Amino acid sequence: MPHKIGFVVISSSGHEDGFSAKELMVHAPTVNGWRSPRLCQYPQEIVLQMVERCRVRKLQLLAHQYMISSKIEFYISENLPEYFAPYQSERFRRLGYVSLSDNEKTGYKARELKSVYVDAVGQYLKLTFHKNYINRYNLYSQVALVAINIIGEPADYSNDSNNPSREKLIDHYLGNNPDDLALDGTYLGKPDSISPLDDLAFDMYQDPEVAQIIRKLDEKKHEAVHHERYDYAKKLKQAIADLQKVGERLGRYEVEKRCAVEKEDYDLAKQKKQQMEEYRLKVYQQLELHNLLDPELMIRRPPEFPLEPMVYSISPRQKKPMQSPQHEKTEAQKTEPLPQEKPPKTTSPEPTVPELSASPVAQPPVSVEGFPKINVEFLPYDERPLPAIRKQHEDGFAYLEPEMNEEDISDTPRSGITGEPEPLTEKVLREASPAIEVFGEALVAGAYSKTWSYREDALLAIYKKLMEMSASTSKDDLKNMLRAAVFLIRRAIKDIVSSVFQASLKLLKMIITQYIPKHKLGKLETAHCVERTLPNLLSRTGDSSTRLRIVAANFIQEMALCNEVKPLQIIPVHLVQPLKPNSPTHLAMSQVDLVERLLKDLGTENSGFTIDNVMRFATGALEHRVYEVRDTALRIIFDMYRQHQAIILDYLPPDDANTRKNVLYKTLFDGFTKIDGRLTEAELRAQKKAATEEAEKQKKEEIKVLQGQLAALKEIQAEVQAGKEKENDFQKPKTQGEQVKKVTLPAATETPDDHSSVANYLDNLCIFCGERDESFTEEGLDLHYWKHCPMLTRCEHCKQVVEIASLTEHLLTECDKKDGFGKCQRCSEAIPKEELAKHVKGKTCNPAKPEKVANHCPLCHENFAPGEEAWKSHLMGKDGCKMNLRRAHTLNKTLLMQSGHFLPR
């Protein structure tokens, strides 16, 4: 008779703190259940060990409200595989899978209770959880399982029950269906029926203590029926129905109490606890009043409900006490961290179970008497072997079917054969007919299976088959087998499971490097392999997984450099196809990266890469929206320029001011300049600015030195004057004094070495134009610089006095309005940017000559002789710059001085 089967968790691939898989061994309203680690890799696995070898009839899963696995697979085994001795042990046999709802329709407020019917014998059950559904509550891509329930019977008992019994024959004759159960607690005890008290929903709703009492009363009810005490059985039936409502209410109170504790509302928690105790006591008193509650049924719970496997004594065959293996230890449960956005409070629509608050529960060790010591849970998950091809059993097949509604079980079609991939559909049979003719339907069914392990095994089987092909096989058969394999490889390359994808790459590499050369099938078959698989390989370089992107890109590079593929030049030609503007980011980045890497390995001679197709690809990539793509395209163009120099410039816009406004092209042309060993414009400007600053620094130092010399001369002059005053005792002829005076005065004007004449020379001199005037005191010189010096001018934009010779440099680098000026590449003058285009077409744009050949005046736009003295001649001379307004003032002053010099006495 099927009943609830106790179990222990012996292995899991991992769990989040506070949500161990051992939580699944307890069914109660407040259990946490199991939860996978955060941001884990899929699939995740849990292995359960039942109390004895059983024939499993029904499995029930209670899913989380938002941490939902898209698919759960089931495997069963008679014995636990010894991973270190795989040839001496049985491996898990696949039963099938169920798909869970994404729960979007309920707003992630309810938990789905999934029931599936199976018929499989074993003692170990493995659950494989696939990738989660994505929603806003599942922040860390986890999957969870709140509870699992196994219903079955001991294997030897079920074997005996296969023989038609007297009760079964009577039911069959009368047309009764023993599976039609009433869910009101009126369990009839038929051999193949399942008690409602063994249903997972019963334990998840009921208070655990009341649930145990209900089961005891149910046993007493069956005993009363057996002894034909029908009045007492009727009273027990009514008590069970009432207790179910009591247990649900107590379970709800327990959940509310735990929620209050989590919120630290201890007053409310105390109130709920008192409410539970008063209500429980009242119910027990009523049961005692009717003589329904025996003293042994008064099972009081300890303060914390212990975690222990469910063992029920409904069946006389299930009497073994549960003892845990020695390696199992106690795990302290931790409070669940709250997500950033808490899901709304749950409801309970059918056929789902309402969400129940998780609470911290202590877990004492659990024991199973007579179980072997198993250390599988200590093995690293990555070192556990993958499932191999399942065996077909001659004694029949176990079936697995999902059930959306338990009331329609009899109408649910059975599908999915244990140990074999699901059969091919008509569409797949037509699509894969060439491969089926070569490899057979069974192998192709594995390649198309929904189970990744079957897909991987199918590829490995093809690999083995191709490696074992004899050299005497006909060419046509070899080619047909190759093309059928390539057909399946194309599909496997797009597989989302990493192991299947890598198995397809392994098979493809073997075909290209071993199978084709061994059987001498020629370049045509190699080209077929590459052309058919390359588009799919390139699409995988845009995968969201970084590891898979790298694997795909490295394989393409390795294949392109392979001796069998390299002469065909297929991959380079395919890679330099222009990028689409809307191409995915990772795909575009991988493509330009592959072009860069292969270009270094293959070059542009007889490789499929040419200057034309590479430059067209690279210039197109310069316009891509992703920075990494543009940056890689720049490196490709620089590599091409190092090899081919000026030819590359034909594919780029001209190097002018308008083009350099684009930062990308400015970087490109500056890079070309560096490759040529020349200085960039920025470096030239910096160099020229440094030279100008150095010249000004030197000029200031010279002025400082001259001022120091002037001060020294003044001191010497004062000493000389004091010495002359002391020479009153010496008498000299007047004529001699006059002669000395006549001689020394011209000497003072002609010989600058005399101290007093040098002092007079520097005191009244303009260092820019060389003009001397008595009014050139410190203030007089400032006025001269500001208004009259022909070598200087005032900037119209910042009002600073600057040398005319450096006016252009001032406007471009120093002026407050420098951002509004640009340098004309033709005349080298500073022109407002908005007038630059018009200026180039005008007459004022006189082409400038190199500095060593001629100077260029920014006022009159004329070229004249080079050198510093030429600036004075041009700006101050009679035939000099016509646009220098200060020149006229200087010429007039000079004429007045000359006319005064020649006045008659």
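None of the values given here were measured: they were computed from a predicted structure.

**Looking at the overall build of the chain**
So, point 1. Looking only at helices and strands, one finds 28 helices and 16 strands in the chain.
So, point 2. The buried share of the chain, reckoned over its 905 residues, is 45%.
So, point 3. Partitioning the contacts of the chain with sequence separation of at least 6, the portion at a separation of at least 24 is 68%.
So, point 4. Within the structure as shown, the chain displays about 50,300 Å² of accessible surface, and the carbon and sulfur contribution to it stands at 52%.

**Here's the deal with the packing of aromatic side chains**
So, point 1. Applying the stated rule across the entire model yields nine aromatic pairs.
So, point 2. Relative to Phe672, the ring of Phe669 has its centre 6.1 Å away and its plane inclined at 75°; by these criteria the two rings are edge-to-face. A residue pair is termed a helical-turn pair when its members lie 3 or 4 positions apart in one helix, as Phe669 and Phe672 do in helix H20 (residues 663-675) at three residues.
So, point 3. Phe669 gets classed as buried once you look at its relative accessible area, which sits at 4%.
So, point 4. On the basis of relative accessibility, which here comes to 3%, the residue Phe672 falls in the buried class.
So, point 5. Here the aromatic rings of Phe768 and Tyr785 are separated by 5.4 Å at their centres, their planes lie at 85°, and the arrangement is edge-to-face. Placement of the pair is Phe768 in the loop between helix H23 (755-763) and helix H24 (778-787) and Tyr785 in helix H24, with a sequence separation of 17 residues.
So, point 6. Taken together, the ring pairs in this structure connect Phe638, Tyr641, Phe669 and Phe672 into an aromatic cluster.
So, point 7. Geometry around Tyr97 places Lys71 over its ring, the cationic atom sitting 5.0 Å from the centre.
So, point 8. Against the face of Tyr463 rests Lys506, its NZ or CZ located 4.9 Å from the ring centre.

**Regarding helix H13 (residues 523-540)**
So, point 1. Taking 1.5 Å as the rise per residue, H13 with 18 residues should run 26 Å; its terminal C-alpha atoms sit 25 Å apart, in good agreement.
So, point 2. Of the positions making up H13, those classed as buried are Glu525, Thr526, Ala527, His528, Cys529, Val530, Thr533, Leu534, Asn536, Leu537, Leu538 and Arg540.
So, point 3. Elements that come into contact with the buried residues of H13 comprise helix H11 (475-493), helix H12 (498-519), helix H14 (546-560), helix H15 (570-575) and helix H16 (585-602).

**Section: a nonpolar patch on the surface**
So, point 1. Together, Leu39, Leu139 and Tyr140 make up an exposed nonpolar region whose accessible area comes to about 270 Å².
So, point 2. With respect to the helices and strands, the residue Leu139 is situated in the loop between strand S7 (110-129) and strand S8 (144-154).
So, point 3. Leu139 gets classed as partly exposed once you look at its relative accessible area, which sits at 34%.

**Description of the side chain of His528**
So, point 1. Relative to the helices and strands, His528 is located in helix H13.
So, point 2. Within the structure, the side chain of His528 is placed 3.3 Å from the side chain of Arg483, a separation counted as a polar contact.
So, point 3. Apart from the residues within four sequence positions on either side, His528 is in contact with Leu482, Arg483 and Val486.

**A closer look at the pairing of strand S2 (residues 7-12)**
Remember that side chains alternate between the two faces of the sheet whenever the strand is regular.
So, point 1. Counting buried positions over the six residues of S2 gives six, a clear majority of the element.
So, point 2. Pairing geometry for S2 and strand S4 (residues 44-63), over five bridges, is antiparallel. Bridge pairing links Val8 to Gln49 in S4.

**Here we look at the pattern of salt bridges**
So, point 1. Per the stated rule, a full pass over the model turns up 34 salt bridges.
So, point 2. With its nearest N and O atoms 2.6 Å apart, the salt bridge here joins Arg55 to Asp119. Note that Arg55 is positioned in strand S4 and Asp119 in strand S7, a separation of 64 residues in sequence.
So, point 3. Classification of Asp119 by relative accessible area gives partly exposed; the value is 30%.
So, point 4. The salt bridge partner of Asp593 is Arg597, with a shortest N-O separation of 2.8 Å. Within this pair, Asp593 and its partner Arg597 are both found in helix H16, separated by four residues, close to a single helical turn.
So, point 5. Here the salt bridges share partners, and the residues they tie into one network are Arg55, Arg57, Asp119 and Glu153.

**Notes on the packing of H12 against H13**
So, point 1. Where H12 meets H13, the axes come as close as 11 Å, and the angle between the chain directions of the two elements is 160°. Our classification of the angle between H12 and H13 gives roughly antiparallel. Where H12 crosses over H13, the handedness of that crossing is left-handed. Counting all contacts with H12, which are made through Phe501, Leu505, Leu508, Ile511, Ile512 and Ile516, the residues of H13 involved are Glu525, Thr526, Cys529, Val530, Thr533, Leu537 and Arg540.
So, point 2. Looking at the contact of H12 with H13, its residues break down into nine nonpolar, two polar and two charged.

**Comments concerning the confidence of the model for the chain**
So, point 1. Here the chain averages 76 in pLDDT, and 74% of its residues register 70 or above.
So, point 2. Segment residues 84-89 is flagged for pLDDT under 50; beyond a separation of four residues in sequence, or across chains, it makes three contacts in the model.
So, point 3. Taken as a whole, residues 296-418 scores under 50 in pLDDT and shows 295 contacts with residues more than four places along the chain or in a different chain.

**Concerning the environment of Arg91**
So, point 1. Assignment of secondary structure puts Arg91 in the loop between strand S5 (71-77) and strand S6 (93-99).
So, point 2. Linking Arg91 and Ile76, residues 15 residues apart in sequence, is a C-alpha distance of 8.6 Å.

**Quick word on the packing of H14 against H16**
Describing two packed helices takes the angle between their axes plus the distance from one axis to the other.
So, point 1. Running from N to C, H14 and H16 cross one another at 30°; their axes reach a closest spacing of 11 Å. Comparing the axis directions of H14 and H16 gives the class roughly parallel. When you trace H14 past H16, the crossing you get is right-handed. The residues of H16 that touch H14, namely those facing Arg549, Ala553, Asn554, Ile556, Gln557 and Ala560, are His586, Ser590, Leu594, Arg597, Leu598 and Asp601.
So, point 2. Residue composition of the contact of H14 with H16, grouped by class: five nonpolar, four polar and three charged.

**A short note on the environment of Asp476**
So, point 1. Topologically, Asp476 is positioned in helix H11.
So, point 2. Looking at Asp476, the relative accessible area reads 55%, which means it is exposed.
So, point 3. As for Asp476 and Leu521, which are separated by 45 residues in sequence, their C-alpha atoms are 9.7 Å apart.

**Things to note about the nonpolar core**
So, point 1. Residues Phe439, Leu466, Leu507, Ile511, Tyr515, Met559 and Ile571 are the most contacted members of the largest nonpolar core, which totals 92 residues.
So, point 2. Take this core: its biggest share by element is 11 residues, from H12.
So, point 3. If sequence neighbours within four positions are ignored, Tyr515 has contacts with Leu466, Met469, Leu478, Met481, Leu482, Met510 and Leu521.
So, point 4. Core analysis: the second largest hydrophobic core is formed by 40 residues, Leu24, Ile72, Phe74 and Val143 among them.

**Side note on the pairing of S8**
So, point 1. The buried fraction of S8 amounts to 11 of the 11 residues, a majority that puts the element mostly inside the structure.
So, point 2. Pairing between strand S3 (residues 34-35) and S8: two bridges, direction antiparallel. Within S8, the residue paired with Trp34 across the bridge is Leu145.
So, point 3. Looking at chain direction, S4 and S8 are connected through nine bridges and run antiparallel. Directly across from Ala63, in S8, lies its bridge partner Leu145.

**Some thoughts on helix H18 (residues 627-644)**
So, point 1. With 18 residues, H18 should cover 26 Å at 1.5 Å per step; its first-to-last C-alpha distance of 26 Å lies within 8% of that length.
So, point 2. If you check which residues of H18 are buried, you get Val629, Thr632, Ala633, Leu634, Ile636, Ile637, Phe638, Met640, Tyr641 and His644.
So, point 3. Where H18 is buried, its residues touch H16, helix H17 (611-621) and H20.
So, point 4. Following H18 by one or two positions, Gln645 adopts a phi angle in the positive range, close to 50°.

Cut-off values and rules
Residues numbered from 1 in each chain as written. Predicted model: local features only at pLDDT ≥ 70, side-chain atom pairs only at ≥ 80, totals over all residues. Heavy atoms only, no water. Helix = DSSP H or I, 4+ residues; strand = E, 2+ residues; numbered from the N terminus. Buried < 20%, exposed > 50% of the residue type's maximum accessible area, 1.4 Å probe, protein only. Contact = heavy atoms within 4.5 Å. Areas by Shrake-Rupley, 256 points an atom, 1.4 Å probe, with all protein chains shown as cover. Phe/Tyr/Trp six-rings, centres within 6.5 Å; stacked < 30°, edge-to-face > 60°. Lys NZ or Arg CZ within 6 Å of the ring centre and 35° of its normal. Expected span 1.5 Å × (residues − 1). Patch = residues over 30% accessible without salt bridge, like charges linked within 9 Å, V, L, I, M, F, W, Y side chains within 5 Å. Salt bridge = Lys/Arg side-chain N within 4 Å of Asp/Glu carboxyl O. Polar contact = N/O pair within 3.5 Å; in protein donor to acceptor, adjacent residues only side chain to side chain. Pairing = 2+ DSSP bridges. Axes fitted to C-alpha atoms, helices over the stretch in contact; angles between N-to-C directions. Parallel < 35°, antiparallel > 145°, perpendicular 65-115°, else oblique. Left-handed = near helix turned anticlockwise from the far one by under 90°. Nonpolar A, V, L, I, M, F, W, Y, C, P; charged D, E, K, R; others polar. pLDDT = per-residue confidence, 0-100. Core = buried A, V, L, I, M, F, W, Y, C linked by side-chain atoms within 4.5 Å.

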